[in-house]
Amino acid sequence: MTAETVDASATSDYTADELMTIVAARELNNGDVVFVGIGIPSTAANLARQTHAPDVVLIYESGTIDTKPTKTPLSIGDGELAETALAVVSVPEIFAYWLQPGRIDVGFLGAAQLDRHGNLNTTVIGDYEHPKVRLPGAGGAPEIALASKRTMLVLRQSARSFVDKLDYVTTVGHHEGNGSRATLGRAGNGPAIVITDIGVLRPDPVTDELTLVSLHPGRTIEEATAATGWPLKIADDLEETTPPTLTEIEALRRVSAR
Amino acid sequence: MTAETVDASATSDYTADELMTIVAARELNNGDVVFVGIGIPSTAANLARQTHAPDVVLIYESGTIDTKPTKTPLSIGDGELAETALAVVSVPEIFAYWLQPGRIDVGFLGAAQLDRHGNLNTTVIGDYEHPKVRLPGAGGAPEIALASKRTMLVLRQSARSFVDKLDYVTTVGHHEGNGSRATLGRAGNGPAIVITDIGVLRPDPVTDELTLVSLHPGRTIEEATAATGWPLKIADDLEETTPPTLTEIEALRRVSAR
Amino acid sequence: MKNIMTLADAVALNVHDGDTVAMEGFTHLIPFAAGHEIIRQQRRDLRLVRMTPDVIYDQLIGAGCARELVFSWGGNPGVGSLHRFREAVDLAYPRSLELDEHSHAGMSVRYSAGASGLPFGTLRGYVGTDLTKYTDNVRRITCPFTGESLAAVSALNPDVGVIHAQQADRHGNVGFWGILGVQKEAILASRRSIVTVEEVVDEFDPSVRVVLPHWVVSAVAVVPRGAHPSYAHGYYDRDNAYYRAWDEISRDRDVFSQWIQTHIMNTSDFSEHLAMVEPTLAEV
Amino acid sequence: MKNIMTLADAVALNVHDGDTVAMEGFTHLIPFAAGHEIIRQQRRDLRLVRMTPDVIYDQLIGAGCARELVFSWGGNPGVGSLHRFREAVDLAYPRSLELDEHSHAGMSVRYSAGASGLPFGTLRGYVGTDLTKYTDNVRRITCPFTGESLAAVSALNPDVGVIHAQQADRHGNVGFWGILGVQKEAILASRRSIVTVEEVVDEFDPSVRVVLPHWVVSAVAVVPRGAHPSYAHGYYDRDNAYYRAWDEISRDRDVFSQWIQTHIMNTSDFSEHLAMVEPTLAEV
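As the structure is a computational prediction, the values presented were derived from the model and not from experiment. (Residues numbered from 1 in each chain as written. Chains lettered and ligands numbered in written order. Predicted model: local features only at pLDDT ≥ 70, side-chain atom pairs only at ≥ 80, totals over all residues. Heavy atoms only, no water.)

Residue-level account of the overall build of chain C, with values.
The helix and strand inventory of chain C stands at 9 helices and 12 strands. For 284 residues, the compact-globule formula gives about 19 Å, and the C-alpha radius of gyration of chain C, at 19 Å, lands near that figure. C-alpha extents for chain C along the principal axes are approximately 60 × 50 × 35 Å. Taken over 284 residues, chain C has a buried fraction of 67%. A separation of at least 24 residues holds for 73% of the contacts in chain C among residues at least 6 apart in sequence. Accessible surface computed for chain C: about 9100 Å², of which carbon and sulfur atoms make up 48%. (Helix = DSSP H or I, 4+ residues; strand = E, 2+ residues; numbered from the N terminus. Rg over C-alpha atoms; globule rule 2.2 N^0.38 Å. Buried < 20%, exposed > 50% of the residue type's maximum accessible area, 1.4 Å probe, protein only. Contact = heavy atoms within 4.5 Å. Areas by Shrake-Rupley, 256 points an atom, 1.4 Å probe, with all protein chains shown as cover.)

Mind laying out the interface of chain D and chain B, listing which residues take part and the relevant values?
Taken together, the contact pairs 41 residues of chain D with 41 residues of chain B. The junction of chain D with chain B conceals about 3400 Å² of combined surface from both sides, 61% of it contributed by carbon and sulfur atoms. When the buried surface of chain D facing chain B is broken down by residue, Arg 124, Tyr 134 and Ile 179 of chain D rank first, second and third, together holding 18% of it. At the junction of chain D with chain B, the criterion picks out 1 salt bridge. One salt bridge in this structure joins Arg 134 of chain B and Glu 101 of chain D, with 2.5 Å as the shortest N-O distance. The tally of links between chain D and chain B comes to 15 residue pairs in polar contact (both at pLDDT 80 or more). Of all the secondary-structure elements, those providing two or more residues to the side of chain D that touches chain B are helix H4 (83-91), strand E4 (98-101) and helix H5 (104-115) of chain D. Among the residues making up the side of chain D that touches chain B, the classes are represented as 17 nonpolar, 16 polar and 8 charged. (Buried area = accessible area lost by both parts, 1.4 Å probe. Salt bridge = Lys/Arg side-chain N within 4 Å of Asp/Glu carboxyl O. Polar contact = N/O pair within 3.5 Å; in protein donor to acceptor, adjacent residues only side chain to side chain. Nonpolar A, V, L, I, M, F, W, Y, C, P; charged D, E, K, R; others polar.)

Could you give an account of the interface of chain A and chain D, naming the residues involved and the relevant values?
Chain A puts 15 residues into the contact, and the matching count from chain D is 15 residues. Between chain A and chain D, a total of about 1300 Å² is buried, with carbon and sulfur atoms accounting for 63% of that surface. Sorting the residues of chain A by area buried against chain D places Leu 86, Tyr 97 and Trp 98 of chain A first, and these three jointly supply 47% of that buried surface. The tally of links between chain A and chain D comes to 1 salt bridge. Residues Lys 184 of chain D and Glu 93 of chain A are paired through a salt bridge, measuring 2.5 Å at the closest nitrogen-oxygen approach. Among the elements that line the side of chain A that touches chain D, the one with the most residues is helix H4 (residues 91-99) of chain A, at 4 residues.

Lay out the sheet that holds strand E7 (residues 149-154) of chain D in plain terms, naming residues and giving numbers.
Residue and element names in this part refer to chain D. One open sheet holds the 3 strands; their spatial order is E5-E7-E6, and the pairing between them is antiparallel. Looking at strand neighbours, the two that pair on one side only are strand E5 (120-123) and strand E6 (138-142), the edges of this open sheet. Neighbouring strand axes in the sheet, compared pairwise and without regard to direction, differ in orientation by 40° on average. By the bridge criterion, 4 bridges tie E5 to E7 in an arrangement that is antiparallel. (Pairing = 2+ DSSP bridges. Axes fitted to C-alpha atoms, helices over the stretch in contact; angles between N-to-C directions.)

Which residues make up the packing of H4 of chain A against helix H5 (residues 104-115) of chain C, and what values do they have?
The contact between H4 of chain A and H5 of chain C brings their axes to 9 Å, and the two run at 110°. Accordingly, the angle class assigned to the pair H4 of chain A and H5 of chain C is roughly perpendicular. For the pair H4 of chain A and H5 of chain C, the crossing hand works out as left-handed. Side by side, H4 of chain A and H5 of chain C meet where Val 91, Pro 92 and Phe 95 of chain A of the first sit next to His 104, Ala 105, Ser 108 and Ser 112 of chain C of the second. For the contact of H4 of chain A with H5 of chain C, the residue count by class is 4 nonpolar, 3 polar and no charged. (Parallel < 35°, antiparallel > 145°, perpendicular 65-115°, else oblique. Left-handed = near helix turned anticlockwise from the far one by under 90°.)

Outline the pairing of strand E12 (residues 199-203) of chain B, supporting the account with residue identities and numerical values.
Residue and element names in this part refer to chain B. In terms of residue burial, E12 counts as a mostly covered element, since 4 of its 5 residues are buried. For strand E11 (residues 191-195) and E12, the ladder comprises 2 bridges, and the chain directions are antiparallel. Looking at E12, one finds that Ile 195 is bridged to Val 200. Two successive antiparallel strands, E11 and E12, enclose a turn made up of 3 residues. Between the antiparallel neighbours E12 and strand E13 (residues 210-215) lie 6 residues, among them Asp 208 with a positive phi of about 70°.

Describe the pattern of salt bridges, and please don't skip the residues or the numbers.
For the structure on display, the rule yields 60 salt bridges over all chains. Of the charged contacts, one joins Glu 148 of chain C and Arg 124 of chain C as a salt bridge, the two residues approaching to 3.0 Å between their closest N and O atoms. Taken as a pair, Glu 148 of chain C in the loop between strand E6 (138-142) and strand E7 (149-154) and Arg 124 of chain C in the loop between strand E5 (120-123) and E6 lie far apart in primary sequence, 24 residues in all. Assessed through its relative accessible area of 25%, Glu 148 of chain C is described here as partly exposed. A salt bridge links Asp 247 of chain D to Arg 251 of chain D; its shortest N-O distance comes to 2.6 Å. You can see Asp 247 of chain D and its partner Arg 251 of chain D sitting in helix H7 (residues 240-251), 4 residues apart, about one turn around the helix. The network of salt bridges with common partners includes Asp 17, Arg 156, Asp 197, Arg 219 and Glu 223 of chain B.

Break down the domain arrangement of chain C for me, citing the residues and quoting the values.
Residues and elements named next belong to chain C. According to the domain assignment, chain C consists of domain 1 (7-99 + 158-283) and domain 2 (104-154). For domain 1 and domain 2, the distance between their C-alpha centroids amounts to 27 Å. If you look at the interface, domain 1 gives 18 residues, while domain 2 gives 9 residues. Both sides of the domain 1 and domain 2 interface together cover about 930 Å² of buried area, and 71% of this is carbon and sulfur. (Domains from an automatic or database assignment.)

I'd like a rundown of the packing of helix H2 (residues 40-49) of chain A against helix H7 (residues 246-256) of chain A, residues and numbers included.
Residue and element names in this part refer to chain A. Across the interface, H2 lies against H7 with an axial gap of 9 Å and an inter-helix angle of 120°. Taken together, the axes of H2 and H7 are oblique relative to one another. Once H2 is placed against H7, the crossing between them reads as right-handed. Residues Thr 43, Asn 46 and Leu 47 of H2 form the contact with H7, whose own contacting residues are Glu 248, Ala 251, Leu 252, Val 255 and Ser 256. Here the residues of the contact of H2 with H7 are counted per class, giving 4 nonpolar, 3 polar and 1 charged.

Can you lay out empty space enclosed by the protein for me, pointing to particular residues and giving the numbers?
This structure, assessed with the given rule, holds 2 cavities of 30 Å³ or more. There is about 70 Å³ of room inside the largest cavity. If you trace the largest cavity, you find it lined by Leu 146, Leu 184, Gly 185 and Arg 186 of chain A together with Arg 124, Gly 125, Val 127, Arg 140, Ser 149, Leu 150 and Ala 151 of chain C. A class-by-class count of the residues in the lining of the largest cavity yields 5 nonpolar, 3 polar and 3 charged. Estimated volume of the second largest cavity: approximately 40 Å³. If you trace the second largest cavity, you find it lined by Arg 134, Leu 135 and Pro 136 of chain A together with Gly 74, Gly 75, Gly 80, Ser 81, Leu 82, Phe 85 and Arg 86 of chain C. The class makeup of the residues in the lining of the second largest cavity is 4 nonpolar, 4 polar and 2 charged. (1 Å grid on protein atoms, 1.4 Å probe; cavity = no way out; pocket = protein on both sides within 12 Å on 5 of 7 lines; lining within 4 Å. Points joined across faces, edges and corners; volume = space filled by probe spheres on them.)

A description of unusual backbone geometry should follow, citing residues and the corresponding values.
All names here are of chain D. In this structure, Pro 94 follows Tyr 93 across a cis peptide bond, with omega equal to 0°. Considering the arrangement of structural elements, one finds Pro 94 in the loop between H4 and E4. Residue Pro 229 follows His 228 across a cis peptide bond; omega there is 15°. Mapping Pro 229 onto the fold places it in the loop between strand E12 (219-222) and H7. Within the chain, Ala 92 stands out as a residue other than glycine whose phi angle is a positive 55°. With respect to the helices and strands, the residue Ala 92 is situated in the loop between H4 and E4. Phi is positive for Arg 225, close to 60°, though the residue is something other than glycine.

I'd like a rundown of the sheet that holds E7 of chain C, residues and numbers included.
Residue and element names in this part refer to chain C. Here 3 strands make up an open sheet; going across it, the order is E5-E7-E6 and the pairing antiparallel. Among the strands making up the open sheet, the edge pair consists of E5 and E6. Neighbour to neighbour, the strand axes of the sheet diverge by 40° on average, direction disregarded. Examined bridge by bridge, E6 and E7 share 5 bridges and lie antiparallel to one another. What sits directly across from Thr 142, in E7, is Ser 149. Of the strands in this sheet, E5 and E7 are in contact with H5, which crosses E5 at around 140°.

Could you give an account of the packing of aromatic side chains, naming the residues involved and the relevant values?
Summed over all chains, the structure comprises 28 aromatic pairs over all chains. Their ring planes at 80° and their centres at 5.1 Å tell us that Trp 246 of chain C and Trp 259 of chain C sit as a pair that is edge-to-face. Residue Trp 246 of chain C is located in helix H7 (residues 240-251), and its partner Trp 259 of chain C is located in helix H8 (residues 253-265); the two are separated by 13 residues in the primary sequence. In terms of burial, Trp 246 of chain C and Trp 259 of chain C fall into one category: buried. Within the aromatic cluster, the residues linked to one another by ring pairs are Phe 32, Tyr 242, Tyr 243, Trp 246, Phe 256 and Trp 259 of chain C. Its guanidinium or amino end placed over the ring of Phe 256 of chain D, Arg 84 of chain D lies 5.5 Å from that ring's centre, counting from NZ or CZ. Taking the ring centre of Tyr 236 of chain D as reference, the NZ or CZ of Arg 225 of chain D above it sits at 4.5 Å. (Phe/Tyr/Trp six-rings, centres within 6.5 Å; stacked < 30°, edge-to-face > 60°. Lys NZ or Arg CZ within 6 Å of the ring centre and 35° of its normal.)

Structure follows, in structure tokens:
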């Protein structure tokens, strides 16, 4: 580790994606074992590893365990993930021996649609058999969200993505709320946080309904409500997200640069 | 391959074990994929590989695939088996991916007790809960005998080993005879040959009862009958086993020497 | 050695109209050359199986080879949608495409069960989702010891498994390393198999992690760069520009058809296609 | 790094009276040093699990540590019977020993199920045998797709898994190679785990085939030659003379007890035992 000067002064020079990535990275604790999807989850996990959480363990569904890529990979199967991994195992093994038994602290996912209980759709917009938009499908998400001790979700917030009713449930979050996830069999605790371009949501401890707990700098409750397809609950002690520091932004740009 | 002079002249300078080993080796075809137990099966398979069947593929339950040991290994997990193997896989994998689906041509086993249908006991002599002699137990045999396309058995013949009723069925052969093995679910064809120190037995094509088809040089029907705990069937066209050739004996001693 | 042949012969011998064909390679070692040869030989009514149907299956689907797709994630990684796949699903063009859709975990268990000679596999999964509504290949099973309810998935046993590997030896044994994916299972689960390789070597070195013995591989064909535009660890990198360019090519039916004509139907093998495509993308 | 400690501490922290303990190593890398330490710390009422209980478990059983043995093959490989095991079974000396007896295939599926977090595993096996008569851990299950009847075995999830490996790195990650056995599964199936290693290295080289990350290993202890008399691929060979000598030592209760006293109870660690045993056997 080289000693670096930490510049904790706030900056306003960042994109929405950069802010989401930085807020997500902050949620990872040093030593967490994280099953990472590609995109913002991967960038955020690598940012965390290169800043406050050097011992975070990154696992990709391509079977690479404890990878330490210097740059954010473009795909979950980049060669650098294998080259820098502590171990490379087969895809059946990564799901059966590593994900399924509950060894993973954090499952880190994106999605196209989300409902108030953190259930996800990445399959179709519209009717399944006559879709408006055919999306890629499930990938690793259903079992990542089921087995990880907690799930972190990252997606942009809009009336099209934060919907009252999913067109298709690809991946279960808190199911129908009110603890109903526990009826699905042995599983982790479900979504702990949703990070959007507007703010941060966490599930209500009783109802499991996603509640806005933090607004990003410059964002308003009205914007959040307008970008949500159900009557959005707002926390009594709504906070403002700590803006990115210069150190965070620089580290992120170093990780992302190609 | 070095060209070697083949000396096909018969010899009478051999032990009972050497004869059993040579007769067993002859039964292996070039290219056969053989799942090998330790002892005579392992020696015979290595003898075959170093004589008439250079492309025989040896698999040991230690997970070593296509091993080419220069000497007969002492245990199924000798280091040389790994060093000379085309591939080394885990024990769960060797049973699940390689044995179970029926990829193995020949399962090659010994036993303590055998009955007329080629069922085997390697568990106890006497009552299970109050045994006269506690034997090692099943090991890989039950599933080797179940999944291999055919099974070859090698054991010394005596009234104690060739019994009317097994004290314990560790490993199924032709079950209760008369094709009843087929009722046990998807499986290979069961014991094709039993090689003893007295002769060679094969199952009757209809009843599956082991029938003496060959006597080793100098052995008699009376000896075979006396060494069998049930009324032994003798083939109409009983043959005499071709005695070991000088080439076979020399090759065997080369393989076995340590 | 008797399993080493040309890719054209390997496909002609092993892939038939109506077959279930699994072409695997998890971002790494994707058997593009073999996919092109199947298009060139105009196989039809295939049931295509693949965890991540990306550009390789977009090409096969767009070329009209497929009647069904068994999969868990379909997209152009890092780029976006598969336009030929979407047009087949949304508009039944060039023909309708049935879907049998799973999660990655489910697909990998289906392959493992197939490789193990078992009729089904078990996992903790699929609960609380709509995935089970549109497939008959996921059911529930009760643990005979604990009474727990678990997901059971039917085994996959394709007629043909197709992969690309770095190396074969002179006996026709196959070796690969880097990201391993589900390739071993795909080959062991399949009745027949085709492996394209970068080269034939005298002996495998210790970096080789998976070895498939020649007696489980029906055909080995030497096709250098046969995984392009995906990558072969130790041989060449991913051609990210090709994946990006594919978005444009595949968006329009006619542009796509012209591409298939030029790069596959009018060429005699993969090397001619590579000669066309590599110089233009080399600057990226 | 926080998981690297002495073997005495590793056993004191992780192995308790009454625990289910799986010590694995398939002829290769058998954790003898850890077995001695469990005897030295006089653990009692253990449920011992091991596919091939050979000399290591003969020692633990003879020393009175075990109440039950879960296994698939018990013998002294290449030599003959295990006399302490047989006396426990035949004569309940030094105490009775319950048996839960399986085939290798069944045991390996039980471990794999345990490592996978599933309550059971499935195999084609056990049919037509008496194995199912004396255990409650094998039942039948019906495939929900084909209706076939298959064997189901209950998962093994030991309290402690114990193995020997060639190497650890400074973070406490563990690496091994050569014959792999069921060690990975034994560790992943267990709630806690102890790994003895030949040495700590800066970095694993490519010959290392299995790596267990430090976060699945409770304790790593450096014990050179800790698998003796079994072998460690790349470090030392099997001591066949020890296995042969064991036949004599274990045949007689008093000779055995004296051996345990001298080699384990009166020594402070495995190196003292090695110093006694290796010179006398070196000539073979």
